[in-house]
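Listed below, chain by chain, are the residues.
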Number of protein chains: 2
Amino acid sequence: MNRLTKIMAVVALAMTLPQGCNNNSEAGTEKSGAINRSSAAEKVYVAPGEYDEFYSFMSGGFSGQISVYGLPSGRLLKVIPVFSVDGEKGYGFNEETKPLLETTHGFIPWDDAHHPELSQTNGVPDGKYIFINGNNTPRVARVDLTTFETAEIIELPNAGGNHSSPFTTENSEYVVAGTRFSVPVPQKDVPIATYKENFKGALSFISVDPEHGHMDIDFQVLMPGYDYDLAHAGKGKSHGWMFFTTYNTEQSHTLKEVNASQNDKDYIAAINWKKAQEYIKDGKFKEMDTEYLINRYDENKHMAETIKRNKVRVLDASEYPGVVYFLPTPKSPHGVDVDPTGSYIIGNGKLNANLTVHSFDKMIQAIENESFAGDAYGIPVLNFEDVVAGTVESGGLGPLHTEFDGKGNAYTTFFISSEVVKWKLDTWEVLDRIPTYYSVGHLMIPGGDSKEPWGKYMVALNKITKDRYLPTGPELAHSAQLYDISGDKMELILDFPTIGEPHYAQAIPADLVAPNSKKIYSLEENAHPYATKSEKDTRVEKKGNEVHIYMTTIRSHFAPDNVEGIEVGDKVYFHVTNLEQDWDVPHGFSVMGAQTAELLIMPGQTETLLWEPKKPGVIPFYCTDFCSALHQEMQGYLRVSAKGQAPEVTATTGE
Amino acid sequence: MNRLTKIMAVVALAMTLPQGCNNNSEAGTEKSGAINRSSAAEKVYVAPGEYDEFYSFMSGGFSGQISVYGLPSGRLLKVIPVFSVDGEKGYGFNEETKPLLETTHGFIPWDDAHHPELSQTNGVPDGKYIFINGNNTPRVARVDLTTFETAEIIELPNAGGNHSSPFTTENSEYVVAGTRFSVPVPQKDVPIATYKENFKGALSFISVDPEHGHMDIDFQVLMPGYDYDLAHAGKGKSHGWMFFTTYNTEQSHTLKEVNASQNDKDYIAAINWKKAQEYIKDGKFKEMDTEYLINRYDENKHMAETIKRNKVRVLDASEYPGVVYFLPTPKSPHGVDVDPTGSYIIGNGKLNANLTVHSFDKMIQAIENESFAGDAYGIPVLNFEDVVAGTVESGGLGPLHTEFDGKGNAYTTFFISSEVVKWKLDTWEVLDRIPTYYSVGHLMIPGGDSKEPWGKYMVALNKITKDRYLPTGPELAHSAQLYDISGDKMELILDFPTIGEPHYAQAIPADLVAPNSKKIYSLEENAHPYATKSEKDTRVEKKGNEVHIYMTTIRSHFAPDNVEGIEVGDKVYFHVTNLEQDWDVPHGFSVMGAQTAELLIMPGQTETLLWEPKKPGVIPFYCTDFCSALHQEMQGYLRVSAKGQAPEVTATTGE
């Protein structure tokens, strides 16, 4: 095939999308006509005063954050800022959270967050943490589910994007992070056309400290220069293994749309991480010079600190036998999903109609038999026939992801044919199918990638919205659809728009999280170095051009609320402690014309705003979060003098 | 009273809040037990494929943005970035929108947005624009409701915050913006204690060009150094007048919680803007040197541009007879609301139990009679008894805001007693009351501050959430509650959490907005100076250390996708044009490790990302918005060389 023919062949498939989803509103209405309106309304309605059954954590995709929704209501309970600055909460603007967004590339105000993954105990989500990957500038974040705040962000060296991440093992021994795109390892200035020679893919195994949740990179596995798309850990019998999908085994570096879609099969890489651990334990690894940062937020200090690392342990897959095997899998597999028993590894070949199910037992047998089809860059390639357990003849087009209901059934999304197909494990027969509006990517069943799914609801995360909601100009929200899967047939019960692009979501019963949710921070335990625990200790200190204002808030005044002695060129640090110890009484703090955002200070917390005044004058500041009947009066003034013209610093209240 | 006694007296009132809202979950459940569950579920349920009846625009408060919700479902359709940077959309990060956030204080990445106000024709919301105020750094923004994007932001000189804004006149002749806090006018370095001598309050009258919507300041009225809290325009017979509430007529500058709550009455300032126009027309104004910026987004150029102004026309209220009168109003009035006929001006005295209703006719009569109680800074003060039409004996505590249903009824929120009270215009009798959960601030009825409300629903915007939803750590979302007000009794039908703190909201029937909603930008009409309208025109140009990459996107590749010749120290501008002309096919663009956010480019649009590479290597870029079955392949590489070491620039695709 010449280049143009190849382009046309592949593009024709991809372009089925716009046609496929040009279901107009009439078609949409017609299909949803099948909805039992009043039964569905009852099912999703959470009356005032009642609670949702599940927390659902959705990635924000290109928003960089996590959105927390209640299910079945589809109500947005909170947006947790993770990788992107958020003026609403002062995240990435106050001095305490700025370090969370530091990288070896400098401060980065944004990322593309794809896959939330709950921490697990014995293969079941435990409600302690949720991890999420930064897909653009390779990182993994950990969010603490007692505070619903980002607790830690770790950077991943040697990676070019981070898509196949942050899937965890049964006890969160590891969170993985596989490079999206291969890059020179270590980075260097080489012609892009030397891809095959110079580019590699690093898969990071991030350890999670069981007590504090602290992350670090235990080791990286260096792989051929493919693209690593998604991953899932083995469980039960397959615990100890991690599975990654690859695409671009063609190793093209341009027009991948065409050039990376040539091979009939790419691979699922099966990583025996217990074997890797043995090599590490025996000191059989290479230590590579590289730099990465770990940024940890200390909840008592109310402050993030950065730890610098300059080495990483590396195992080159081709040099460490027994660590990696390749399972040939048709048609650019996207998702790789492991059933609740750990017996089956499902490859969702996105340019395929059918699903490929591999057998873990057969894989082990083939490895023991050393029955290899050959090798790729020194990595054994198993025979497709030796490992395949079955094929699901789905009748759909473009399978992407599969989740499980814990009752022996699997549910797979089909992007091109815009539907979810329910099928039976072991027999591979299709049981049901239902349309999605439109172009579904991931789907989510609470606990649906764990050993024990709570198989009551399924959520489809759709890439295209078009006519499903009132229009909002050229930019439309992406959309989730909630299905009741408690019966034999899937039943669509609700559409709700989402924040950003939720690539994936996880959900957990409310009672595994809500009882541990923190209501306030203890003022007594506040260990912030600039905390002010009583109004009588408020003050201003000036050293050179640094001004430190030790300030407190309580309904409804600041102390101090009149500060003089500041001059143009000063760096003014407002260290504001919220003295409240009641639930849901934050105070906000902002300064007019400051080139930053506000502080939003929770009860018992201290936060710091840096202000560099540019012009003389008298500048108001005020509380931004309506806190009492006298909130509008919660205000003060800052006097700024020309450089060298300021009086002595004074800080007063009510005088 | 000594200082301490005064503090205790006032604080005791304000502190009723935590007790008032310590309705525990049992109480909450009990009250909501009155909900007719299945009828309420039916009323709020918008089944998949159906549309909401109303667009509701809620301010984000300290998020700085506008949230668009559908009613009655309470689903979040879009967050429109206005005053705060938003990595999700590249807003404030791409070169095209950066100018929108420029001020005379420099680039400001955040503000506190309080009051959305729809443009009006003949006193009725027309669905063309929505205005919103920046409360922290005084500005007003205009959002275009064909694109749902911020079209313009104007800065307000001489102001200290901007809370009593952006309320409009009957035909959006003016949008007003009154200073929240008074400041020295012009700004200067003076002791804060010279407040009474030096501080003034500027009220801006912003003209709106009927054809393009362009805003500019027509004139400012200079007022005494009070705090200006809220405003509303007259309508019908009172068209030509604007009413502002004042507080802190005590003119205190510290511990306002106490010191600004001493006077039994503050004022509603009635501004005769038609009279002011006469002075302006006759050239009787002062021209004051000051600086402010107007930032306008050009929809064809896809780019914002900044206009600098250096003068403003000023009328000092004390020197221009007939422009301003003061109506004494009890107890720190917060909201000032004008009924649909324009006959009544309602003052919501936040430290009061009752509402004060002033009569427009009586006010005019008193002015004609020159029946004044005296003056304040040269401004005539009317006699309370001369202007008051009635008092609503509400039985509630802490009235804040009133809206109308167009059927002769008014609805007032009570912050301290957490309830909405329905009462009858003309008779002032209380008809109904219903609790809110908790501490309600504003309320909103679609068109409820206009001449013709659509009085079917009422939304209460609550400041405290506590136990109403599943907990999310110390930080909880604020909350809206939807009431059916079509019958005699108000009926609570839905709770839904909100983004930021929606101080106020407006709503409009969907059919006044949806038919004009733009689906794509025309590629043909794209007038961006760096637009690339065809793949054959893509290229890279390097001049000195500036690299301009003319790039296109179409499902599913970039052109070019391999660029070499970049070196450390270069400023690389990616000008990316989305060639798609189908609805809902944006493409995203991001560069690994770039110290900025992504681009999110709508069909037909061009956006520019600036990247300053810091280290040599080969860097991936990719599409961030899942666009087709081959989205994962939509990727490219950038080769970065050390300074002075780069080869000639080349830009290729598929070669």
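In this text the structure is predicted, and so the values were computed from the model without any measurement.

A separate point is the interface of chain A and chain B. How big an interface is tends to be stated in terms of accessible area lost as the parts join. Residue-level contacts link 165 residues of chain A with 166 residues of chain B. Overall, the association of chain A and chain B removes approximately 14300 Å² of surface from exposure, summing both partners, and the carbon and sulfur fraction of that is 58%. Sorting the residues of chain A by area buried against chain B places A:Leu470, A:Pro474 and A:Gln632 first, and these three jointly supply 6% of that buried surface. Connecting chain A to chain B are 80 residue pairs in polar contact (both at pLDDT 80 or more).

On to the relation of the copies chain A and chain B. With an RMSD of 0.0 Å, chain A superimposes on chain B once it is rotated by 180° and translated 0.0 Å along the axis. In symmetry terms, the pair is related by a two-fold rotation axis. Measuring from the rotation axis to each C-alpha of chain A, the shortest distance belongs to A:Ala41, at 2.9 Å. In this assembly the copies share their binding face: 100% of the residues contributing to the interface of chain A also contribute to that of chain B.

With that settled, consider the packing of helix α4 (residues 37-44) of chain A against helix α4 (residues 37-44) of chain B. Geometry of a packed helix pair, given as the angle between the helix axes and the separation of the axes. Running from N to C, α4(A) and α4(B) point in directions that differ by 105°, and their axes come no closer than 9 Å. What the angle tells us is that α4(A) and α4(B) run roughly perpendicular. Here A:Arg37, A:Ser38, A:Ala41 and A:Glu42 of α4(A) lie close against α4(B), whose contacting residues are B:Arg37, B:Ser38, B:Ala41 and B:Glu42.

We now examine unusual backbone geometry. For residues that are not glycine, phi is negative in most cases, and the peptide bond is trans in most cases. Of note, the bond from A:Tyr437 into A:Tyr438 is cis; its omega dihedral lies within 30 degrees of zero at -15°. Locating A:Tyr438 in the fold gives a position in the loop between β30 (430-435) and β31 (440-444). A cis amide bond links B:Ser165 to the next residue, B:Pro166, at an omega of -5°. Looking at where B:Pro166 falls in the secondary structure, it is placed in the loop between β10 (160-164) and β11 (174-181). Located in the positive-phi region is A:Gln251, a residue other than glycine, with phi close to 55°. Phi is positive for B:Glu370, close to 50°, though the residue is something other than glycine. The exposure class of B:Glu370 is exposed, given its relative accessible area of 60%.

It is worth spelling out the nonpolar core at this point. As a rule of thumb, soluble globular proteins bury nonpolar side chains together. With 78 residues, the main nonpolar core has A:Leu482 and B:Leu482 as its most contacted residues. Setting aside chain neighbours within four positions, we find B:Leu482 in contact with B:Val44, B:Leu71, B:Pro72, B:Tyr457, B:Met458, B:Val459, B:Glu491, B:Leu492, B:Ile493, B:Leu494 and B:Phe496. Formed by 72 residues, the second largest nonpolar core is a distinct cluster that contains A:Val143, B:Phe57, B:Tyr91 and B:Ala141.

Residue and element names in this part refer to chain A. Within the secondary structure, Asp432 is located in strand β30. In this structure Asp432 comes out as buried when scored by relative accessible area, which is 10%. Engagement of the side chain of Asp432 in a polar contact is seen with the backbone nitrogen of Met490, the distance being 2.7 Å. Contact partners of Asp432, with chain neighbours within four places excluded, come to Val420, Val421, Lys422, Asp488, Lys489 and Met490.

All names here are of chain A. In space, the four strands of this open sheet follow the order β27-β28-β29-β30, with antiparallel pairing throughout. Since the sheet does not close on itself, it has two edges, and those belong to β27 (399-404) and β30, each with one partner. Strand after strand, the sheet turns through a mean of 20° between neighbouring axes, direction not considered. Where strand β29 (residues 419-424) and β30 come together, five bridges link them in antiparallel fashion. Pairing of Trp423 across the sheet is with Val430, part of β30.

Along a regular strand, successive side chains alternate from one face of the sheet to the other. All names here are of chain B. Both strand β36 (residues 539-543) and strand β37 (residues 546-554) contribute to a ladder of five bridges, which runs antiparallel. Within the sheet, the bridge partner assigned to Glu541 lies in β37 and is His548. A loop of two residues connects β36 with β37, the two strands running antiparallel in sequence, and Gly544 in this loop sits at a positive phi of about 60°.

Residue and element names in this part refer to chain B. The strand order across the open sheet formed by four strands is β27-β28-β29-β30, and the pairing between neighbours is antiparallel. Edge positions in the open sheet fall to β27 (399-404) and β30 (430-435), since each of these has one partner strand only. The average angle at which neighbouring strand axes cross in this sheet is 20°, direction not considered. Sheet analysis places β27 next to strand β28 (residues 409-414), joined by four bridges and oriented antiparallel. Residue pairing for β28: Pro399 is matched across the bridge by Phe414.

Moving on, we get to the confidence of the model for chain A. Of the residues in chain A, 95% have a pLDDT of 70 or more, and the chain-wide mean is 94. Both confidence scores are given for the complex: pTM 0.96, ipTM 0.95.

Before going further, it helps to spend a moment on helix α8 (residues 360-368) of chain A. Residues and elements named next belong to chain A. Among the residues making up α8, those that are buried are Phe360, Met363, Ala366 and Ile367. The arc that holds every buried residue of α8, seen down its axis, measures 125°, which confines them to one face. Where α8 ends, the next residue or the one after it, Glu370, has phi of about 50°, a positive value.

To continue, consider the pairing of β37(B). Residues and elements named next belong to chain B. Within β37, seven of the nine residues are buried, which leaves the element mostly enclosed by the surrounding structure. Relative to strand β40 (residues 571-578), β37 is paired through eight bridges, and the arrangement is parallel. Paired with Glu546 across the bridge in β40 is Lys571. In terms of strand pairing, β37 meets strand β38 (residues 557-559) through three bridges, oriented antiparallel. The residue bridging Thr553 from the neighbouring strand is Phe558, located in β38. Remark: two residues form the turn of the hairpin made by β37 and β38, two consecutive strands paired antiparallel.

Summed over all chains, the structure comprises 78 salt bridges over all chains. Across the salt bridge formed by A:Asp216 and A:Arg309, the nearest N and O atoms sit 2.8 Å from each other. Remark: A:Arg309 occurs in strand β19 (residues 303-316) and A:Asp216 occurs in strand β14 (residues 215-223); sequence separation between them is 93 residues. For B:Glu149, the salt bridge goes to B:Lys78, with nearest N and O atoms at 3.3 Å. Here the residue B:Glu149 occupies a position in strand β9 (residues 149-155), and B:Lys78 occupies one in strand β3 (residues 75-80), the gap between them amounting to 71 residues. By the burial criterion, B:Glu149 is buried, and B:Lys78 matches it. Residues participating in the shared-partner salt-bridge network are A:Lys78, A:Glu88, A:Lys89, A:Glu149 and B:Glu475.

Quick look at the layout of surface pockets now. Sizing a probe to match a water molecule and rolling it over the atoms shows the empty space that remains. In this structure, the largest pocket occupies an estimated 980 Å³ of space. Around the largest pocket, the lining is made up of 41 residues, and of these A:Gly593, A:Ala594, A:Gln595, B:His105 and B:Phe107 lie nearest the centre. Secondary-structure elements contributing two or more residues to the lining of the largest pocket are β43 (606-611) of chain A together with β12 (183-184) and β18 (286-298) of chain B. Among the elements that make up the lining of the largest pocket, the one with the highest residue count is β18(B) (five residues).

What counts and how
- Residues numbered from 1 in each chain as written.
- Chains lettered and ligands numbered in written order.
- Predicted model: local features only at pLDDT ≥ 70, side-chain atom pairs only at ≥ 80, totals over all residues.
- Heavy atoms only, no water.
- Contact = heavy atoms within 4.5 Å.
- Buried area = accessible area lost by both parts, 1.4 Å probe.
- Polar contact = N/O pair within 3.5 Å; in protein donor to acceptor, adjacent residues only side chain to side chain.
- Least-squares fit on C-alpha atoms with pLDDT ≥ 70 in both.
- Axes fitted to C-alpha atoms, helices over the stretch in contact; angles between N-to-C directions.
- Helix = DSSP H or I, 4+ residues; strand = E, 2+ residues; numbered from the N terminus.
- Parallel < 35°, antiparallel > 145°, perpendicular 65-115°, else oblique.
- Buried < 20%, exposed > 50% of the residue type's maximum accessible area, 1.4 Å probe, protein only.
- Core = buried A, V, L, I, M, F, W, Y, C linked by side-chain atoms within 4.5 Å.
- Pairing = 2+ DSSP bridges.
- pLDDT = per-residue confidence, 0-100.
- Arc of directions from axis to C-beta.
- Salt bridge = Lys/Arg side-chain N within 4 Å of Asp/Glu carboxyl O.
- 1 Å grid on protein atoms, 1.4 Å probe; cavity = no way out; pocket = protein on both sides within 12 Å on 5 of 7 lines; lining within 4 Å.
- Points joined across faces, edges and corners; volume = space filled by probe spheres on them.

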